[in-house]
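# Architecture at a glance
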Amino acid sequence: MREEEAGDGHRLGSYLRARRELVSPSQVGLPTGGRRRVPGLRREEVALLAGISPDYYLRLERGRDKNPSPQVLESLARVLQLDDIERTYLLDLAAARPRAPRRKRSEHVPARVYELLAHLQIPAFVEGRAFDVLASNPMARALSPRLQPGQNRLRSLLLDPEERAFHQDWTQATADFIAALRTTVGDDIDNPRFVELVGELALSSQRFRTLWARHDVRSLDGGTTTVHHPVVGELRLHRDKLPIGDVILVAYYPDKDSDSDEKLQLLAALAHSETPDDHTRVGRPDASSNRPTR
């Protein structure tokens, strides 16, 4: 997370610059003719539309002014056409203050959640803030072997060819996951797990580098997705995420009596073929294996 390491002012400037480059002149009613040397809007155009001086906006982008007023930020959010999540992220960046480094905390799956996973008849698993799979039930592992505890969902999505084939819209999935990670990181920029994951993916994935540089932010909560299972074929599944303490329970389920519902019942037969020993080992890892492995 190189741009974050320079401090809160530089993080704010990096975000403003990234969003400015994504807004075309035509989107804000400016002429599109003539030769433009930069993608998106020029700094002076953003300043003009936001009602601030070009010099002041330049100081913001360069991290020289770390305390813009809420009114300035609201004007910039309007010019840059930020949605509610992006606007909140911008305000949080400006409100960030120096703080002592946080101690690393292991993400703990409560014992009752393992019992809940064992009783659910739909694919369900527990993930951490960085998309590490911490626990999963047999149905989840039948849906995708990348949902084994110890796997990282974002890493699999970007680097595993089977996971790429699994998603009907891999391009959109990667954009959603990376933007959600950016939102989750927030001001927790010294978290060792985030630093490790972002560093690894920045080195190994061009797709990650491109999307991370956009500074997109969004939530990745409920929704509907279509996947291609290698055995039962196409599945249309709804997704819900339920926070439980420091972790998140994720469940996938089809419409009742749909074609995907029938196919999921076939997957249930595969899930039940696991031996009890395997179920115990994979579904309830030892306390010593809390840290995600790759």
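Figured I'd write up the structure that's included with this text. Please read these numbers as outputs of a predicted model, since none were measured by experiment.

To continue, consider the pairing of strand β4 (residues 233-244). Relative to β4, strand β3 (residues 223-229) is paired through 7 bridges, and the arrangement is antiparallel. Within β4, the position partnered with T224 by the bridge is H238. Taking the residues between adjacent antiparallel strands as the criterion, β3 and β4 are bridged by 3 residues. As paired strands, β4 and strand β5 (residues 247-253) are joined by 7 bridges and run antiparallel to one another. Looking at β5, one finds that R239 is bridged to Y252. In this antiparallel pair of consecutive strands, β4 and β5, the connection spans 2 residues, and G245 shows a positive phi of 65 degrees.

So, about the environment of Y57. Summarising the element assignment, Y57 is placed in helix α3 (residues 54-61). For Y57, a relative accessible area of 0% puts it in the buried group. Through-space distance from the C-alpha of Y57 to that of R43 is 7.1 Å; in sequence the pair is 14 residues apart. With residues near it in sequence (within four places) discarded, Y57 still touches L16, R20, R43, V46, A47, I52 and L76. At 2.6 Å, the side chain of Y57 and the side chain of E61 are in polar contact.

So, about the nonpolar core. Judged by nonpolar contacts, the single largest core of 24 residues is most densely connected at L16, I52, L76 and L90. Of all the secondary structure elements, the ones that give two or more residues to this core are α1 (8-20), α2 (43-50), α3, α4 (70-79) and α5 (84-95). Of all the elements, α4 adds the most residues to this core, at 5 residues. Core analysis: the second largest hydrophobic core is formed by 21 residues, L181, V185, V198 and W212 among them.

A few words now on α3. Among all positions of α3, only Y56, Y57, L60 and E61 are buried. Buried residues of α3 fall within an arc of 140 degrees about the axis and therefore sit on the same side. Directly after α3, the chain includes G63, whose backbone phi takes a positive value near 75 degrees.

With that settled, the discussion passes to helix α6 (residues 111-119). All buried positions along α6 are accounted for by V113, Y114 and L117. Taken end-on, α6 shows its buried residues confined to a sector of 105 degrees, consistent with a single buried face. Structural note: α6 exposes R112 and H119 on the side pointing more than 90 degrees away from its buried face.

Under the defined criterion, the tally for this structure stands at 18 salt bridges. Among the salt bridges present, the one from R42 reaches E45, with a minimum N-O distance of 3.1 Å. Accessibility expressed as a relative area gives 13% for E45, which makes it buried. Note that E61 and R43 form a salt bridge whose closest N and O atoms lie 2.9 Å from each other. Taken together, the residues E61 in helix α3 and R43 in helix α2 connect sequence positions 18 residues apart. According to the relative accessible area criterion, R43 is partly exposed, its value standing at 33%. Ionic contacts of the salt-bridge type, sharing partners, join the residues R19, E86, R214 and D216 into one network.

With respect to the helices and strands, R20 occurs in helix α1. Side-chain polar atoms of R20 contact the side chain of E61, separated by 2.7 Å. Sequence-distant contacts of R20, that is, excluding residues within four places in its chain, are made with P39, G40, L41, R42, R43, V46, Y57, E61 and L80.

Bringing the packing of α2 against α4 into the picture now. Viewed as axis vectors pointing N to C, α2 and α4 meet at an angle of 115 degrees, and their least axial separation amounts to 9 Å. Considering only the axes of α2 and α4, their crossing is right-handed. Judged by residue contacts, V46, L49 and A50 of α2 engage S75, L76, R78 and V79 from α4. Here the residues of the contact of α2 with α4 sort into 5 nonpolar, 1 polar and 1 charged.

Thresholds applied
- Residues numbered from 1 in each chain as written.
- Predicted model: local features only at pLDDT ≥ 70, side-chain atom pairs only at ≥ 80, totals over all residues.
- Heavy atoms only, no water.
- Pairing = 2+ DSSP bridges.
- Helix = DSSP H or I, 4+ residues; strand = E, 2+ residues; numbered from the N terminus.
- Buried < 20%, exposed > 50% of the residue type's maximum accessible area, 1.4 Å probe, protein only.
- Contact = heavy atoms within 4.5 Å.
- Polar contact = N/O pair within 3.5 Å; in protein donor to acceptor, adjacent residues only side chain to side chain.
- Core = buried A, V, L, I, M, F, W, Y, C linked by side-chain atoms within 4.5 Å.
- Arc of directions from axis to C-beta.
- Salt bridge = Lys/Arg side-chain N within 4 Å of Asp/Glu carboxyl O.
- Axes fitted to C-alpha atoms, helices over the stretch in contact; angles between N-to-C directions.
- Left-handed = near helix turned anticlockwise from the far one by under 90°.
- Nonpolar A, V, L, I, M, F, W, Y, C, P; charged D, E, K, R; others polar.

Everything listed is a geometric property; what it means functionally is a separate question.
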